[in-house]
Amino acid sequence: MQAASPSSVTTVAYFSMEVGLSPEVFTYSGGLGVLAGDTLRSAADLGVPLVGVTLIYRKGYIRQHLDDQGNQSESPASWNPEDLLEPMEPVVTVSLEGRPVQVRAWRYPVRGHSGHTVPVFFLDTALPENSEWDRTLTDHLYGGDDYYRLCQEVVLGMGGVAMLSALGFRDRMVYHLNEGHSALLALSLLESRLQAGGASAVSEADVEAVRRQCVFTTHTPVPAGHDKFSWELVEKVLGRARADLLKASHCCVNGGLNMTHLALRFAGFINGVAMRHGEISTGMFPGYPIDAVTNGVHAATWTSRPCADLFDRRIPEWRKDNFYLRYAVGISLPEITEAHAQAKRALLDEVERRRGVSLPESVLTIGFARRATTYKRPDLLFSDLERLRGMARQGGPLQVIYGGKAHPRDEGGKEMIRRVFQGAAALGDAVRVVYLENYDMALGKILCAGVDLWLNTPLRPQEASGTSGMKAALNGVPSFSVLDGWWVEGHVEHVTGWAIGDDSAGPEEYSQDAASMYDKLERVILPLYYGRPEAYARVRRYAIALNGSFFNTQRMVSQYVTNAYFPARE
Ligand SMILES: *Cc1c(COP(=O)(O)O)cnc(C)c1O
């Protein structure tokens, strides 16, 4: 066997369809992109030799508009890459339906806190040499039809490999596929190996060689989250020879190309994004060894100013080494309470600014913001309005702040937003509910930090990890969540937050989860918040100390380094 000595591995190329680098770079839609951005930030902090590769999306994802009934409409979220990114010299070519399409790259430097830089390369087809249509290929994130998407994935995977080589990355590389969208990069690696060896047919040894270079992270147990393309489309876009090569490598499953299967076949290290998700994925893809590396968030990015100031005073090492957040146990409760109160005021000011609604600071404030889609069940809270009104009357007032965009073609997700609006209208002043438009990283930061309780009600086991609850925890905001994704690991009942329902799924899940949610809110959380504020502050403190110190991307990237990128070999 050819030796893959760790010392010869010098660069990790992290490929992601979306990357959330900063609020004004609109190249992300949700959790996957925010995770990619946090990964790159922590890799920079840790000095990992890593580069990012993604597409430029000149028209961004979407800007969300909501009318009085909660009907969503969208407009493009255009931005000016020229103002923020540095153009690179090389131009590479990918082949789409046999025609050459030119690709260039723009560079965005992610600087770590000690100065190490992780460059991110944004691939761009808006070049005068390309046809008008080909120039739009890197305009829209998750827009267009299957043809558009497959062409984009050729640009990302195959264009990305060619671009790195043109940029001078000639060392041995490790390719990290953040979800299956970039899996065609494996085809490029396979082709160059066959060319170098002058081989005409692909052998298992060739596949094995590619495998030693590829790490694959799968992100969702929802089948719709895995890209599939018909074989006709694959032959049309890639050409007969490449399609045949994929077939000969056993990548044609159920008459089509499933990007997850392509990635599974060519990855030497495969992981899910939480321990539970690793188990679920093992069940979904029998025959593949699937590990788990639990997601995290970039602590310094997601900690509010008041909490960051507090940590800087009490545990100054926390930025360099997030494990120090463990010592938040030694911070006094009044200091924690005061830092959170400041973050809450900032949130309520933002609500007033955006919606003209003044919400009182003393009221228990629940937050719920995530991609609006059916399985996340944002309407669970409204399944029994009478009960909700009753507990607010008797146990103490509560108010709720929502946010989240639905994908333009996700009718179910759009319906979820309307239901939240209907619930809000029915509750009126009994429980105030506000929906904030255009949830993005900037709003996410204010929201996760400023509420008192972070609600999460996905249908098990569809939440692979979830990361917004981790952002909340860093800011002393406990989660109130279904036991799915990261919460299976982060939850210690009444210590770091509260579970909704138990750990088993069944046909009665919706009503059982709703009942459990109401019971706990009424009997445990409201009495604690209004009756024993010190005890509530203690939960805040454990959320920081136990969850913030672990569910961060510094720990996560360290695990990728140890287990996936540069594993010790005997
Ligand atoms: C953190 C974040 C997400 C991911 O949150 P989940 O809990 O995984 O749903 C999505 N969108 C934005 C804007 C975020 O900041």
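Placed above this text is the structure.
Read on for an overview of the structure.

Analysis parameters
Residues numbered from 1 in each chain as written. Predicted model: local features only at pLDDT ≥ 70, side-chain atom pairs only at ≥ 80, totals over all residues. Heavy atoms only, no water. Axes fitted to C-alpha atoms, helices over the stretch in contact; angles between N-to-C directions. Helix = DSSP H or I, 4+ residues; strand = E, 2+ residues; numbered from the N terminus. Parallel < 35°, antiparallel > 145°, perpendicular 65-115°, else oblique. Contact = heavy atoms within 4.5 Å. Nonpolar A, V, L, I, M, F, W, Y, C, P; charged D, E, K, R; others polar. Core = buried A, V, L, I, M, F, W, Y, C linked by side-chain atoms within 4.5 Å. Buried < 20%, exposed > 50% of the residue type's maximum accessible area, 1.4 Å probe, protein only. Salt bridge = Lys/Arg side-chain N within 4 Å of Asp/Glu carboxyl O.

A word on the packing of helix α4 (residues 146-166) against helix α5 (residues 185-197). Two elements in contact, α4 and α5, have axes separated by 7 Å at closest approach and are oriented at 45°. Classed by the angle they form, the pair α4 and α5 counts as oblique. The residues of α5 that touch α4, namely those facing G157, M158 and V161, are L185, L187, S188, L189 and E191. In terms of residue class, the contact of α4 with α5 is made up of five nonpolar, two polar and one charged.

At their nearest, the axes of helix α12 (residues 305-314) and helix α13 (residues 333-355) sit 8 Å apart, and the two run at 150° to each other. Classified by the angle their axes make, α12 and α13 are roughly antiparallel. Contacts between α12 and α13 involve P306, C307, L310, R313 and R314 from the former and E335, I336, A339, Q342 and A343 from the latter. Class assignment of the residues belonging to the contact of α12 with α13 gives a composition of six nonpolar, one polar and three charged.

Core analysis: the largest hydrophobic core is formed by 68 residues, its most contacted members being Y175, L184 and L246. No other element matches α4, which puts eleven residues into this core. Discounting residues that sit within four places of it in the chain, L184 has contacts with L150, E153, V154, G157, M158, L238, L246, L257, M259 and L262. Ranked by size, the runner-up nonpolar core spans 40 residues in total, among them L380, I417, V482 and L521.

According to the stated counting rule, one finds 39 salt bridges in the structure shown. The partner of R211 in a salt bridge is E208, and the shortest N-O contact between them spans 2.9 Å. Taken together, the residues R211 and E208, both in helix α6 (residues 204-211) and three residues apart, mark about one turn of the helix. A relative accessible area of 17% places R211 in the buried class. For E208, a relative accessible area of 31% corresponds to the partly exposed category. For D429, the salt bridge is made with R432, and the minimal N-O distance between the two is 3.9 Å. By relative accessible area, which is 68% here, D429 ends up exposed. If you follow the salt bridges from partner to partner, you end up with E204, E208, R211 and R265 in one network.

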